[in-house]
Amino acid sequence: MNDRHDPQRSEDPSHAADFADAGSLRGRRVTVAGLGVSGVSAARALQRLGAEVTVVDGGDSESHRSRAAELGAQGVTVRLADADTLPNGTDLIVTSPGWKPQSPLFAAADAEGVPVWGDVELAWRLRGTAAADAAGGHRTPAPWLAVTGTNGKTTTVQMLASILGAAGLRAPAVGNIGTPLIDVVLAEDPPDVLAVELSSYQLHWAPSLRAHSAAVLNLAPDHLDWHGSMEAYAADKGRVYEGNRVACVYNCADPATEQLVRRADVEEGCRAIGFTLGTPGPSEVGVVDGILVDRAFVENRREQAQELAEVSDITPAAPHNIANALAAAALARAYGVPPAAVRDGLRAFRPDAHRIAHVADIDGVAYVDDSKATNTHATQASLAAYDSIVWIAGGLAKGATFDELVQESAPRLRAAVLIGADRHLIHEALTRHAPDVPVVDLERTDTGAMAAAVHEAARLARHGDTVLMAPACASMDMFVNYNARGDAFTDAVRALAASGAHEVE
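Residues numbered from 1 in each chain as written. Predicted model: local features only at pLDDT ≥ 70, side-chain atom pairs only at ≥ 80, totals over all residues. Heavy atoms only, no water.

Draft legend 1. Representation of the nonpolar core within the structure. If you look at the biggest cluster of nonpolar residues, it comprises 54 residues, and the most contacted ones within it are L46, L122, W144, L181, L194, L198 and Y241. Every residue in contact with Y241, bar those within four places of it in the chain, is listed here: A214, A215, V216, C248, V249, Y250, T257, L260, V261, A264, D265 and V266. By size, the runner-up hydrophobic cluster in this structure holds 42 residues, among which are M159, L292, F297 and L326. (Core = buried A, V, L, I, M, F, W, Y, C linked by side-chain atoms within 4.5 Å. Buried < 20%, exposed > 50% of the residue type's maximum accessible area, 1.4 Å probe, protein only. Contact = heavy atoms within 4.5 Å.)

Draft legend 2. Looking closely at the confidence of the model for the protein. On average, residues of the protein score 90 in pLDDT, and 92% of them reach the 70 mark or higher. Taken together, the stretch residues 3-17 has pLDDT below 50 and engages in 29 contacts with residues farther than four places along the chain or on a different chain. In the model, residues 501-505 has pLDDT below 50 throughout and makes 12 contacts with residues more than four positions away in sequence or in other chains. (pLDDT = per-residue confidence, 0-100.)

Draft legend 3. Looking closely at the environment of D369. By the secondary structure assignment, D369 is in strand β16 (residues 365-369). For the pair D369 and P471, spaced 102 residues apart in sequence, the C-alpha to C-alpha distance is 9.7 Å. In this structure, D369 is in contact with H354, R355, I356, A357, V359, M469, G486, F489 and T490, ignoring residues within four places of it in sequence. (Helix = DSSP H or I, 4+ residues; strand = E, 2+ residues; numbered from the N terminus.)

Draft legend 4. Representation of helix α2 (residues 62-73) in the model. Taking 1.5 Å per residue as the helical rise, α2 with its 12 residues ought to reach 16 Å, and the 17 Å between its terminal C-alpha atoms agrees with that figure. For α2, the complete set of buried residues consists of H64, A68 and L71. Around the axis of α2, the buried residues are gathered within 65° of arc, so they sit on the same side. Those residues of α2 that are exposed and aimed more than 90 degrees away from the buried face are E62, A69 and A73. Where α2 is buried, its residues meet α1 (37-48), β2 (52-57) and β3 (77-80). At the C-terminal side of α2, G75 shows a positive phi close to 95°. (Expected span 1.5 Å × (residues − 1). Arc of directions from axis to C-beta.)

Draft legend 5. Representation of the pattern of salt bridges. For the coordinates displayed, the defined rule picks out 19 salt bridges. Across the salt bridge formed by R347 and D313, the nearest N and O atoms sit 2.8 Å from each other. Pair noted here: R347 is in helix α13 (residues 339-348) and D313 is in the loop between β14 (306-310) and α12 (319-334), with a separation of 34 residues, a long-range link. Of the residues examined, R347 reaches a relative accessible area of 45% and is grouped as partly exposed. Where R343 meets D344, a salt bridge forms, and the shortest distance between an N and an O atom there is 3.0 Å. Classification of D344 by relative accessible area gives partly exposed; the value is 33%. Salt bridges here are not isolated pairs; linked through shared partners, they connect R170, D189 and D192. (Salt bridge = Lys/Arg side-chain N within 4 Å of Asp/Glu carboxyl O.)

Draft legend 6. Representation of the sheet that holds strand β20 (residues 466-469). With mixed pairing, 6 strands are arranged side by side in an open sheet as β15-β16-β20-β17-β18-β19. Whereas interior strands pair on both sides, the edge strands pair on one side only; in this sheet they are β15 (357-362) and β19 (439-441). This sheet shows a mean twist of 15° between the axes of neighbouring strands, independent of strand direction. Pairing geometry for strand β18 (residues 413-418) and β19, over 3 bridges, is parallel. Looking across to β19, one finds that L418 is bridged to D441. Taken strand by strand, helix α14 (residues 376-383) contacts β17 (389-393), β18 and β20, and its axis lies near 160° from that of β17. (Pairing = 2+ DSSP bridges. Axes fitted to C-alpha atoms, helices over the stretch in contact; angles between N-to-C directions.)

Structure (structure tokens):
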């Protein structure tokens, strides 16, 4: 961990110095790439700040045209079905997160010397603008507590917001979680502190970001088609630590996250804080006899420990969710939150739907929906939470392989029911590494296949088992999104329960 902060790194050299604040945007020609939620938010904000805004997008659907009409009424130019051409005279591009760095638009910008910012970069540079305008002078912008990682980001950020709220702070969960950061930082009554979820896409386009404290929860191969390599993906995740002022929180069980801390250029005095499911050492938070313990933010961390909460305060108390809670607690403690607020915030927190959510108990079998487990890393954590599992899996593999997942999880598998376009890849891994595990391979790929999968799982399950829908794949081969897939599972389980005399929670 390099704590010798270099002020020359506070701005990426490819970004023009004369775009440092909101006033410098007035009259500038800004191109916004993408007509999604973040793109629309950026276009509106830039237009209000006096920029001449053009939005470009490759789509031309009815919803695209509707959003284009709304922006056009506000003075924003929109070009549909044209995502590759750089508008004449562009001074700056603000891109939505999903646009690949190799896009022709950015190649054209590079050739013209036009800087490219992401929506997070724009929000970071504009933070405090509304507060200063409202107060008629300068006000310190709300600090950012940032979270990234391959899995667990949303849950951790929501836990963090709940803990900060329990401490009496106005602290919304924002960023990749759904609320555009630009809208929050330009609000007339800004919050006290932000709990910010950041994706690798967003971090790639946010070189100026300097958080109060940040956490990388874990690292596993994901989005490699976008980043080009695991090394590039990890490097973009590691950007979240750059310039941290107080704490860089890492996962003791994932050495790659600690390596990112070691490589980061941070403010002098910033500390590396580990979180572990085991007994914590100095400068760590961990678990002792079912109690979450802080040995990082106490006066004498070599000899003292502070109780924060009990494992039973966490819902659900699966191992990976306890790790999420520890990371959230570490960030909150870095911000000075008292121990009681950690406990109260965790007690009050309830996860979003389709995240290892208990649906029902039927004839002594638990049915759990973890449709959000769209990759092997998330599914491995989900499978590790239960002892005997009938596993419902499959969908779009996105280039993933399943051998390591099956090898590690085989002792827990009672049976597997496979659905979706790439189910054969999981079947092949099961054949290689768990040949004794019964497999039902459902050839149907219509949405009704989920009901069939649940019925097959119920037939295979025994008293005390868990039927776990943790697909390890994306959902779009059969469903609109993972939410629709989870809803289909929940509906099928409830229909199963209603078909007989069962006790259901």
